[in-house]
Amino acid sequence: MTAVGEIMSTPVFVVGAHDNLARARHLMLSQGVSRLVVMDGGNIAGIVTKKDLGMRLNQAGPQWRRRPLDKVPVHLIMTPDPITVGPDEPVQEAARAMLDRDISSLLVYDDRTGVLGIVTKHDLVKYFTLLGCSLRVGDMMSGPPPTVSRLNTINSVIDVMAELNVDRVVVRDADNEKVCSGIITLDDLGFVEINPRNATGVTERHRDVHGGPKMLRSVVLVPKVAEDVMTAPLISVQRKTPALDAAQTMVRNNFDMLPVINEELIGQFNYENVLKWLAEASE
């Protein structure tokens, strides 16, 4: 069985526990990564991900969530004490660990040299695409993902995700519920600027006529809705699609889930389906 050291992602990007979320967000964007190792001095303190940034947008949380990103330290939203594995750990065991602990990555660590890399669900699915598997999507898929309307506010979308403990929803058309328009993930929401939960009134200056005196007027800022931030057009698969083809589509587009649509939404093919297959595969 292949070892995680052969498929892990490198290099690993690091942020300090007391650095602010604006710095973490900028580092993710500039380096094209979805997670950062958080260090406190010379010790591994945790991991911060795009998903953590997405959850930070829920304004129903503690008062610190209402601060600007550059005022919130990373340690307040990171996942502490990340799980580590050695570079010789079999891929099969890594898949089991992620499923059992409901986590999306493992740090690859060596006592002598420290952090060597990180292995993610994406890495495991990419590995799966190199294997032989005759199954089709219908043999591996899960039940339908939660859905929201195109007109749902971003905060209500986050509420749905939190209530159902999911990190992705499919967006349905407002006029025809059988039509799926796009998808939203918590990763996406970590990089969206939205307004607080309640619409906010602001005052701005304007001129009634060109060159005239500046006047004050009140403007209400309305929160964004699902269709403003969803990924569209929606990429989907069918029950009969080969599982390897579906996995390749996910890897190529950096998706962690594909809706399964046969005239209407009937299921989802996701990273967890692939990890389950890897965890149960014969050595």
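Scroll up to find the structure.
What counts, and where the lines are drawn
Residues numbered from 1 in each chain as written. Predicted model: local features only at pLDDT ≥ 70, side-chain atom pairs only at ≥ 80, totals over all residues. Heavy atoms only, no water. Helix = DSSP H or I, 4+ residues; strand = E, 2+ residues; numbered from the N terminus. Buried < 20%, exposed > 50% of the residue type's maximum accessible area, 1.4 Å probe, protein only. Contact = heavy atoms within 4.5 Å. Areas by Shrake-Rupley, 256 points an atom, 1.4 Å probe, with all protein chains shown as cover. Pairing = 2+ DSSP bridges. Axes fitted to C-alpha atoms, helices over the stretch in contact; angles between N-to-C directions. Phe/Tyr/Trp six-rings, centres within 6.5 Å; stacked < 30°, edge-to-face > 60°. Parallel < 35°, antiparallel > 145°, perpendicular 65-115°, else oblique. Left-handed = near helix turned anticlockwise from the far one by under 90°. Nonpolar A, V, L, I, M, F, W, Y, C, P; charged D, E, K, R; others polar.

> Just to check I follow, could you spell out the overall build of the chain for this structure?
Looking only at helices and strands, one finds ten helices and 14 strands in the chain. Out of the 283 residues belonging to the chain, those deemed buried represent 44%. Taking as baseline every contact in the chain between residues at least 6 positions apart, the subset at least 24 positions apart corresponds to 61%. A total of about 14,800 Å² of accessible surface is found on the chain, and carbon and sulfur atoms cover 46% of it.

> Is there a simple way to think about the environment of Pro90 in this case?
By the element assignment, Pro90 lies in the loop between strand E5 (84-85) and helix H3 (91-101). Placed 85 residues apart in sequence, Pro90 and Gly5 show a C-alpha to C-alpha distance of 8.8 Å. Ignoring sequence-local partners within four residues, the contact set of Pro90 consists of Met1, Thr2, Ala3 and Val4.

> Got a minute to help me understand helix H4 (residues 121-128) in this structure?
Residues lying three or four places apart along an α-helix face the same way, a consequence of the helix completing one turn every 3.6 residues. Along H4, six of the eight residues are buried, which leaves the element largely enclosed by surrounding structure. Against the buried residues of H4 lie H3, strand E7 (114-120), helix H5 (137-140), helix H9 (243-253) and helix H10 (271-280).

> Can you help me understand the sheet that holds E5 in this one?
Paired through backbone hydrogen bonds, the strands of a sheet run either parallel or antiparallel to each other. On the basis of which strands lie adjacent, the open sheet formed by three strands has the order E5-E6-E7 and mixed pairing. In the strand order of this sheet, the two ends are held by E5 and E7, each with one partner. Sitting on the sheet, H3 touches strand E6 (105-110) and E7, and the angle it makes with E6 is about 130°.

> Before we go on, may I ask you to explain the packing of aromatic side chains in this structure?
The way to describe two aromatic rings as a pair is by their centre distance and the angle between their planes. One pass over the full model with this rule turns up one aromatic pair. Judged by centre distance (5.1 Å) and plane angle (75°), the ring pair of Phe128 and Trp277 falls under edge-to-face. Here Trp277 lies in helix H10 and Phe128 lies in helix H4, a separation of 149 residues in the sequence.

> What am I meant to see in the pairing of strand E13 (residues 257-262) here?
In regular strands, side chains alternate between the two faces of the sheet. The buried count for E13 comes to five of six residues, which makes it a mostly enclosed element. Relative to strand E14 (residues 264-270), E13 runs antiparallel, the two sharing six bridges. Of the residues in E14, the one forming a bridge with Ile261 is Leu265. Between E13 and E14, which pair antiparallel in sequence order, lie one residue; one of them, Glu263, sits at a positive phi of approximately 70°.

> Just to check I follow, could you spell out the packing of H3 against H10 for this structure?
For any two helices packed against each other, one specifies the crossing angle of their axes together with the interaxial distance. Remark: H3 packs on H10, axes separated minimally by 8 Å, with the N-to-C direction vectors making an angle of 130°. In terms of axis orientation, H3 runs oblique to H10. Judged by the twist between their axes, the crossing of H3 over H10 is left-handed. Across from Gln92, Ala95, Arg96, Met98 and Leu99 in H3, the residues of H10 making contact are Glu272, Leu275, Lys276, Leu278, Ala279 and Glu280. Of the residues in the contact of H3 with H10, the class split is six nonpolar, one polar and four charged.

> Mind showing me how you'd approach unusual backbone geometry here?
Most of the time, phi is negative for any residue but glycine, and the peptide bond is trans. Residue Pro11 is bonded to the preceding Thr10 through a cis peptide linkage, with omega at -5°. One can find Pro11 in the segment before strand E1 (14-16). With an omega dihedral of 0°, the bond running from Ala232 to Pro233 counts as a cis peptide bond. Inspection of the secondary structure assignment puts Pro233 in the loop between helix H8 (226-229) and H9. Its identity is not glycine, yet Asp102 carries a phi of approximately 55°, on the positive side. In this fold, Asp102 is placed in the loop between H3 and E6. Backbone geometry at Asn165 places phi at a positive 55°, although glycine is not the residue there.

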